[in-house]
Amino acid sequence: MNISKTQRGRAAAAVSLAAVLALTATACGDDGSASGGEGSGKGEITFWDNNGGPRTAVWKEIIQDFEKKYPDIKVKYVPIPIADVQSKYDTAIAGGGVPDVGGVGTAYLANMVSQDALEPLGDRIKDSSLNGKLVEGMVESVKDAAGRDDEMYTVPTSANNGALWYRTDLFKAAGLDAPTTWATFYQAAEKLTDAGKNKFGYTIRGGAGSIAQALDAAYGQSGITEFWNGDTTTLNDPKNVAALEKYAALYKKTTPSADVNNDFTKMVAQFDTGTIGMLSHNLGSYQDHLKALGKDKFAGIPNPVGDGGTRVQVSNPVDGLGLFKASKNKTAAWKFIEFAASHESNSKWNESAGAIPANTEAAKDPWISEAAPTELAAKALTDGSTKIVQLPYYLPDWNNISKADNEPEFQKLLLGKVTAKAFLDKMADELNAAQKEWKERGNG
């Protein structure tokens, strides 16, 4: 498997390979940056799942396997909803309730590294069974996202990619070809809509996680392939403004009105149980569609191709496992990370999630070729047909800017309360300021 290497300092943690509660946890140190200790290698450790709920079942299976192999170690599993994960970590780091191990995606990795919450892992990996067994591009991604030269602060476990899911049965009945271009996407969205019968061509993401999908649509249509022009973002380029304006105009015209509040779980549920023609989501929902619809009623393809004949998409985060510096039992915690990233466990997790494994042996397992959307996504990223717009995950403010600060603004855009230009100008101003501050600190 091959992955294109991200550019240092400027690049986001992108994937390019043939290769998504009120909480109570045991405090592991006086604060999130406490030094902790290696411990005895036995006893209980706490693990926070950063996508609790959708991935709970497979993690519990992996934990059961781990405890069978290491009967002297018990893993306390804490599921964290994906929408809450950064705020939960920030609160725990400040208040002294961090876990021993946690799922850490590159979208918020830099923020956690800047708080000195995570243990550097380079030496541990070199001395472990994982040495040489991690997909190089994912390794580079987590290094870049951390922004600390060649040091690693997570062990990569999976990569995802955006997909356009569509109902093949509805397309066939309407005499429509697969939505492989943006032009055919818009045509299908309109033709498959009959609001009076509660039939819609598309479901748009207006709730949590909406920004990445919106940026994918903007850059995918505009054909712009760089996020930065010097130290100024291309986000509010007129071509992106026009593209986002067209995309947002789908709301209530070819989408349900409830979409303004939809996160991915609601979108997936209504696609799987209703008569919605298309859904933009990553590979992680493949198993949901398969279970609900059966293999003959849906398909997943890479994002549509633009007018220029090139597919452009924004980068997707790499997920991983981090060892918290404040852990008092790092020996046991590291055993769990090493086990979870091993061939068998990594393959099991990614097959369940429909994602692409970080373990090189797992990435060769037969199930990948049997899951057509995963295979197509991996191919699209390596056959030269796709250009990746590298999002700046390395900015400590990136996750706040792309989520809490601007998700409500995107809802205003859908509702017609702000223009596409005003929305993108606001976000661009925040990103330009964050980039300037990052560079003034000696980065880049």
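Just so you know, these numbers come straight off a predicted model, no measurement behind them.

The rules we used
- Residues numbered from 1 in each chain as written.
- Predicted model: local features only at pLDDT ≥ 70, side-chain atom pairs only at ≥ 80, totals over all residues.
- Heavy atoms only, no water.
- Helix = DSSP H or I, 4+ residues; strand = E, 2+ residues; numbered from the N terminus.
- Rg over C-alpha atoms; globule rule 2.2 N^0.38 Å.
- Buried < 20%, exposed > 50% of the residue type's maximum accessible area, 1.4 Å probe, protein only.
- Lys, Arg positive; Asp, Glu negative; His and termini not counted.
- Charge placed at Lys NZ, Arg CZ, Asp CG, Glu CD.
- Pairing = 2+ DSSP bridges.
- Axes fitted to C-alpha atoms, helices over the stretch in contact; angles between N-to-C directions.
- Contact = heavy atoms within 4.5 Å.
- Expected span 1.5 Å × (residues − 1).
- Core = buried A, V, L, I, M, F, W, Y, C linked by side-chain atoms within 4.5 Å.
- Parallel < 35°, antiparallel > 145°, perpendicular 65-115°, else oblique.
- Nonpolar A, V, L, I, M, F, W, Y, C, P; charged D, E, K, R; others polar.
- Salt bridge = Lys/Arg side-chain N within 4 Å of Asp/Glu carboxyl O.
- Left-handed = near helix turned anticlockwise from the far one by under 90°.
- Arc of directions from axis to C-beta.
- Phe/Tyr/Trp six-rings, centres within 6.5 Å; stacked < 30°, edge-to-face > 60°.
- Lys NZ or Arg CZ within 6 Å of the ring centre and 35° of its normal.

J.: Quick question: what am I supposed to make of the overall build of the protein chain here?
T.: For the protein chain, the helix and strand inventory stands at 18 helices and 14 strands. Scaling as 2.2 N^0.38, a compact globule of 444 residues should have a C-alpha radius of gyration of about 22 Å, and the protein chain matches this with 21 Å. The principal-axis extents of the C-alpha atoms in the protein chain amount to approximately 65 × 50 × 40 Å. Here the protein chain, with 444 residues, has 57% of them falling under the buried criterion. Taken as two groups, the 47 positive and 55 negative side-chain charges of the protein chain have centres that lie 3 Å from each other.

J.: For this particular structure, what's the right way to read the sheet that holds strand β9 (residues 276–282)?
T.: To summarise the sheet geometry, strands pair through backbone hydrogen bonds and adopt either a parallel or an antiparallel arrangement. Across the sheet, four strands lie side by side as β6-β9-β5-β10; this open sheet has mixed pairing. Edge positions in the sheet fall to β6 (200–203) and β10 (299–301), since each of these pairs with one other strand and no more. Ignoring strand direction, the axes of neighbouring strands in this sheet form an average angle of 20 degrees. Taken together, the three bridges between strand β5 (residues 162–166) and β10 define a ladder with antiparallel strand orientation. Each residue of the ladder has a partner; that of W165, found in β10, is G300. The strands that helix α10 (residues 264–273) touches are β5, β6 and β9; relative to β9, the one it contacts most, it runs at about 145 degrees.

J.: So what exactly am I meant to see when it comes to the environment of I388 here?
T.: Counting through the fold element by element, I388 comes out in strand β14 (residues 386–389). With a relative accessible area of 15%, I388 lands in the buried category. It is 22 Å that separates the C-alpha atoms of I388 and D150, two residues lying 238 residues apart in sequence.

J.: Would you explain helix α18 (residues 420–440) in this entry?
T.: With 21 residues, α18 should reach 30 Å at 1.5 Å per residue; the first-to-last C-alpha distance of 30 Å fits that figure. All of the buried residues along α18 are A420, F423, L424, D425, M427, A428, L431, N432, A434, Q435 and W438. Contacts from the buried residues of α18 go to α8 (210–222), β7 (228–229), β8 (232–233), α9 (238–248), α16 (398–402) and α17 (407–414).

J.: Help me out: how do you make sense of the nonpolar core in this one?
T.: Grouped burial of nonpolar side chains is what soluble globular proteins tend to show. Grouped together as the largest cluster of nonpolar side chains are 72 residues, with contacts concentrated most on Y202, F227, L244, M278, W398, M427 and L431. Examining the composition of this core, we find that seven residues originate from one element, α18, more than from any other. One finds V58, I63, L121 and A159 within the second-largest nonpolar core, a separate group that totals 37 residues.

J.: Can you help me understand the packing of helix α2 (residues 85–95) against helix α3 (residues 106–114) in this one?
T.: Axes are the key here: two packed helices are described by the angle between their axes and the distance separating the axes. Here α2 crosses α3 at 10 degrees, and the two axes come no closer than 11 Å. The orientation of α2 relative to α3 falls into the category roughly parallel. Residues V85, Q86, Y89 and D90 of α2 form the contact with α3, whose participating residues are Y108, N111 and M112. The class makeup of the residues in the contact of α2 with α3 is four nonpolar, two polar and one charged.

J.: Looking at this structure, I do not really get the pattern of salt bridges. What am I missing?
T.: A side chain with one charge may pair with a side chain of the opposite charge, provided their charged atoms come close. Enumeration according to the criterion identifies 13 salt bridges in this entry. Salt-bridge contacts for E409 lead to K412; the nearest nitrogen and oxygen are separated by 3.2 Å. Taken together, the residues E409 and K412, both in helix α17 and three residues apart, mark about one turn of the helix. What emerges from the salt-bridge pattern is a single network uniting E38, E119, R124 and K330.

J.: I'm lost on the packing of α3 against helix α5 (residues 136–146) in this one. Help?
T.: In the contact formed by α3 and α5, the axes pass within 8 Å of each other and the chain directions differ by 45 degrees. One finds that α3 runs oblique with respect to α5. The interaxial crossing formed by α3 with α5 has right-handed handedness. Only S141, V142, A145 and A146 of α5 make contact with α3, whose side of the interface consists of T106, L109, A110 and V113.

J.: Help me understand unusual backbone geometry, please; the structure alone is not making it clear to me.
T.: When glycine is set aside, most residues are seen to have a negative phi, and most peptide bonds are trans. Although it is not a glycine, D116 sits at a positive phi angle of roughly 60 degrees. As for its placement among the helices and strands, D116 is situated in the loop between α3 and α4 (122–126). Residue D116 is classed as partly exposed on the basis of its relative accessible area, which comes to 35%. Residues other than glycine seldom take positive phi values, yet N198 does so here, at roughly 60 degrees. Secondary-structure assignment places N198 in the loop between α7 (182–191) and β6.

J.: In this structure, what is going on with α9? I would like to understand it.
T.: The periodicity of an α-helix, 3.6 residues per turn, causes residues three or four places apart in sequence to face the same way. Listed in full, the buried residues belonging to α9 are N240, V241, A243, L244, Y247 and A248. Down the axis of α9, the buried side of the element spans an arc of 165 degrees, and every buried residue falls inside it. Opposite the buried face of α9, by more than 90 degrees, sit the exposed residues P238, K239 and E245.

J.: Where do I start with the packing of aromatic side chains in this structure?
T.: How two aromatic rings sit relative to each other is set out by the distance from centre to centre and by the angle between their planes. Inspection of every chain in the model, using the stated rule, returns 26 aromatic pairs. Consider the rings of W59 and W349, whose centres lie 6.4 Å apart with planes at 55 degrees: the pair is tilted. Residue W59 is located in helix α1 (residues 56–69), and its partner W349 is located in helix α13 (residues 343–353); the two are separated by 290 residues in the primary sequence. Joined through ring pairs, the aromatic side chains of F47, W59, F66, Y70, Y77, F336, F339 and W349 make up one cluster. Positioned above the aromatic ring of Y186 is the side chain of K246, whose terminal nitrogen or guanidinium carbon lies 4.4 Å from the ring centre.

J.: Would you take a moment to explain the sheet that holds strand β2 (residues 73–79) for this structure?
T.: Pairing in this open sheet of six strands is mixed, and the strands run β2-β1-β3-β12-β4-β13 from one edge to the other. Sheet topology places β2 and β13 (356–357) at the edges, where each strand pairs with a single neighbour. Across two bridges, strand β4 (residues 155–159) lies against β13 in antiparallel orientation. When the bridges of β13 are listed, A159 appears paired with I356. α13 contacts β4 and β13 of the sheet and is inclined by roughly 35 degrees relative to β4.

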